[in-house]
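As a plain string of letters, each chain reads:
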Amino acid sequence: MEVVIVPNAQAAAALAGQILVDVLRSHPAPVVGLATGSSPLGVYRYVLDRGVSWAHASAVLLDEYVGLPPGHPESYREFIRREFLEETDLPAERLHGPDVHVPGPELPAACAAYDRLLADLGGVDVQLLGIGSDGHIGFNEPGSSLGSRTRVKTLTATTRADNARFFDSPDDVPRHVVTQGLGTILDARHLLLIATGAAKAAPIAAAVEGQVSAFCPASVLQLHAHATIVVDEAAAARLELAEYYRDTYRNKPPWQPL
């Protein structure tokens, strides 16, 4: 795990965005995992401003609400399409997400099919992640198995409250989602987590320097061979080893990429 502390949210977005740009430019058929939320938006804007082609790429969604009709503006497929991919040349058929519109009893099979699809694509080259106030990544809430696969999850009251700002009423926030499991996320070759702002200081400290535990799902990144955590100063405020992280990044060998 490599922790990179930068001055502000704009610098965090640029650093994370450049990692995506480099993957798109260097891989013949890259598979990029996309996340929703406020932190990734700056990353996507940076990538769009670079004008890099997505014509040879595939994009995969980290999670999706269950119970919203197809095309609902707050579905994550629509969010990603509207906020990012409609400004790229990614072929529409290469935006992949779990099938959440099958009848309820068929959802487990659809989840298993999504894991198989990720493998059939050759695996995810880089998976962008955010972190929730309770330490969740994707929609793997506290208590999620560290080896979990794509599955249906019930959202906590905290997560539903965090997401209520996107809906007309808190009651409109779906109670269920399909999310890549922690084990599925760990299959990606590079995990890239971005977090900015003081509200993320506690979950970042728990994820980076706390025990690996289902209580903080993001702590599973400590087990990954290539995980990059990009945070601004505010999100880094509770890291005990912050000065060490700054020093190692300042003295990073020029031949060693993020």
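Preceding block: the structure.
Conventions used here
- Residues numbered from 1 in each chain as written.
- Predicted model: local features only at pLDDT ≥ 70, side-chain atom pairs only at ≥ 80, totals over all residues.
- Heavy atoms only, no water.
- Helix = DSSP H or I, 4+ residues; strand = E, 2+ residues; numbered from the N terminus.
- Buried < 20%, exposed > 50% of the residue type's maximum accessible area, 1.4 Å probe, protein only.
- Lys, Arg positive; Asp, Glu negative; His and termini not counted.
- Salt bridge = Lys/Arg side-chain N within 4 Å of Asp/Glu carboxyl O.
- Contact = heavy atoms within 4.5 Å.
- Core = buried A, V, L, I, M, F, W, Y, C linked by side-chain atoms within 4.5 Å.
- Axes fitted to C-alpha atoms, helices over the stretch in contact; angles between N-to-C directions.
- Parallel < 35°, antiparallel > 145°, perpendicular 65-115°, else oblique.
- Left-handed = near helix turned anticlockwise from the far one by under 90°.
- Nonpolar A, V, L, I, M, F, W, Y, C, P; charged D, E, K, R; others polar.
- Phe/Tyr/Trp six-rings, centres within 6.5 Å; stacked < 30°, edge-to-face > 60°.

A. Structural view of the side chain of Lys153. In this structure, Lys153 sits in strand 7 (residues 151-154). No salt bridge is formed by the buried Lys153. Its closest oppositely charged neighbour is Glu141, at 7.7 Å. For Lys153, the contacting residues outside a window of four places in its chain are Phe139, Glu141, Ser144, Arg175, His176, Val177 and Thr179.

B. Quick peek at the pattern of salt bridges. Scanning the model with the defined rule gives 13 salt bridges in all. Here Glu87 and Arg45 are joined by a salt bridge, their closest N and O atoms 3.3 Å apart. With Glu87 in the loop between helix 3 (76-83) and strand 5 (95-96) and Arg45 in helix 2 (residues 38-50), this residue pair connects regions lying 42 residues apart in the sequence. When the shortest N-O distance is used, the salt bridge between Arg246 and Glu233 registers 2.7 Å. Of this pair, Arg246 sits in helix 8 (residues 242-250) while Glu233 is found in the loop between strand 10 (227-232) and helix 8, placing the two residues 13 residues apart along the sequence. Members of the salt-bridge network, linked through shared partners, are Glu233, Glu243, Arg246, Asp247 and Arg250.

C. Focus on helix 2. Residues of helix 2 that are buried include every one of Ser39, Pro40, Val43, Tyr44, Tyr46, Val47 and Leu48, and no others. Where helix 2 is buried, its residues meet helix 1 (9-26), strand 2 (31-34), helix 3, strand 6 (126-129) and strand 9 (191-195). At the C-terminal side of helix 2, Gly51 shows a positive phi close to 70°.

D. Spotlight on the nonpolar core. The biggest cluster of nonpolar side chains holds 68 residues, and the ones touching the most others in it are Trp54 and Leu239. With nine residues, the single largest contributor to this core is helix 1. Counting residues in each nonpolar core, the second largest holds nine residues, with Tyr76, Leu155, Ala164 and Val177 among its members.

E. Geometry of the packing of helix 1 against helix 2. For the pair helix 1 and helix 2, the least separation of the axes is 8 Å and the interaxial angle reads 50°. The orientation of helix 1 relative to helix 2 falls into the category oblique. The handedness of the crossing between helix 1 and helix 2 comes out as right-handed. Across from Ala13, Ala14, Ala16, Gly17, Gln18, Leu20, Val21, Leu24 and Arg25 in helix 1, the residues of helix 2 making contact are Gly42, Val43, Tyr46, Val47 and Arg50. Classifying every residue of the contact of helix 1 with helix 2 gives nine nonpolar, three polar and two charged.

F. Geometry of the packing of aromatic side chains. For the structure on display, the rule yields seven aromatic pairs. With centroids separated by 5.9 Å and ring planes inclined at 20°, the aromatic side chains of Tyr76 and Phe139 adopt a geometry described as stacked. You can see Tyr76 sitting in helix 3 and its partner Phe139 sitting in the loop between strand 6 and strand 7, a full 63 residues away along the chain. Take Tyr76 and Phe139: they sit in the same class, and that class is buried.

Without other data, these values stay purely geometric and don't point to any function.
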